[in-house]
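Spelled out, the chains give:
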Amino acid sequence: QVQLVESGGGLVQAGGSLRLSCATSGLIFSFTPMGWYRQAPGKQRELVASISNGGTTTNYADAVKGRFTISRDNAKKTVYLQMNSLKPEDTAVYYCNTPSQRPQPAWGQGTQVTVSL
């Protein structure tokens, strides 16, 4: 059974930084591409960053490119999202999951990120 546990969210002023973590279990993690998603109120969940199983290839949504960095530690089965230069429009609940499986594993509880002016 796959478990995804996100942490590290919080309230931050615009221009600030946060680092999110996602601890996983039940995945063959080192063989599994991972991604960070977010869902703002009234909007659909969107993929904002992804990383290959080995960590050598990353992709970002245009809205976060140059500000967010995804990384992973395969030994710890954990994926991270470093978020810099945060903007109010980054406010959302952030989730991790794998974009490479259909259906995707059950979503975790997510971690709330709130960016104030």
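Our subject is the structure that appears above.
Everything numeric here is computed off the predicted structure, so don't read it as measured data. (Residues numbered from 1 in each chain as written. Predicted model: local features only at pLDDT ≥ 70, side-chain atom pairs only at ≥ 80, totals over all residues. Heavy atoms only, no water.)

1. Things to note about the sheet that holds strand E1 (residues 3–7)
Part 1 of the argument: Overall, antiparallel pairing links the 4 strands, which are arranged E1-E3-E8-E7 in an open sheet. Pairing within the sheet leaves two strands with one partner each, and these edge strands are E1 and strand E7 (68–73). Along the sheet, successive strands turn relative to each other by an average axial angle of 15°, direction set aside.
Part 2 of the argument: Where E7 lies against strand E8 (residues 78–83), 6 bridges are found, and the strand directions are antiparallel. Counted as the bridge partner of Asp-73 is Thr-78 from E8. (Pairing = 2+ DSSP bridges. Helix = DSSP H or I, 4+ residues; strand = E, 2+ residues; numbered from the N terminus. Axes fitted to C-alpha atoms, helices over the stretch in contact; angles between N-to-C directions.)

2. Side note on the state of the cysteines
Part 1 of the argument: For the structure shown, the criterion picks out 1 disulfide.
Part 2 of the argument: Disulfide pairing places Cys-22 opposite Cys-96 at an S-S distance of 1.8 Å. Placement of the pair is Cys-22 in strand E3 (residues 18–25) and Cys-96 in strand E9 (residues 92–97), with a sequence separation of 74 residues. (Disulfide = S-S within 2.5 Å.)

3. Points about the side chain of Arg-72
Part 1 of the argument: The residue Arg-72 is located in strand E7 in this model.
Part 2 of the argument: The side chain of Arg-72 sits in the buried core without any salt bridge; Asp-73 is the nearest counter-charge, 8.3 Å away.
Part 3 of the argument: At 3.3 Å, the side chain of Arg-72 forms a polar contact with the backbone oxygen of Asn-53.
Part 4 of the argument: Excluding residues that lie within four positions of it along the chain, Arg-72 makes contacts with Phe-29, Ser-30, Thr-32, Pro-33, Met-34, Ile-51, Ser-52, Asn-53, Gly-55, Thr-78, Val-79 and Tyr-80. (Buried < 20%, exposed > 50% of the residue type's maximum accessible area, 1.4 Å probe, protein only. Lys, Arg positive; Asp, Glu negative; His and termini not counted. Salt bridge = Lys/Arg side-chain N within 4 Å of Asp/Glu carboxyl O. Polar contact = N/O pair within 3.5 Å; in protein donor to acceptor, adjacent residues only side chain to side chain. Contact = heavy atoms within 4.5 Å.)

4. Structural notes on the packing of aromatic side chains
Part 1 of the argument: Using the criterion set out here, one finds 2 aromatic pairs in the structure.
Part 2 of the argument: Where Tyr-37 meets Trp-107, the ring centres are 5.0 Å apart and the plane angle is 90°; that geometry is what we call edge-to-face. Remark: Trp-107 occurs in the loop between E9 and strand E10 (111–116) and Tyr-37 occurs in strand E4 (residues 34–39); sequence separation between them is 70 residues.
Part 3 of the argument: Ring centres of Tyr-95 and Trp-107 lie 5.8 Å apart, and the angle between their planes is 80°; on these two criteria the pair is classed as edge-to-face. Pair noted here: Tyr-95 is in strand E9 and Trp-107 is in the loop between E9 and E10, with a separation of 12 residues, a long-range link.
Part 4 of the argument: Accessibility expressed as a relative area gives 29% for Trp-107, which makes it partly exposed. (Phe/Tyr/Trp six-rings, centres within 6.5 Å; stacked < 30°, edge-to-face > 60°.)

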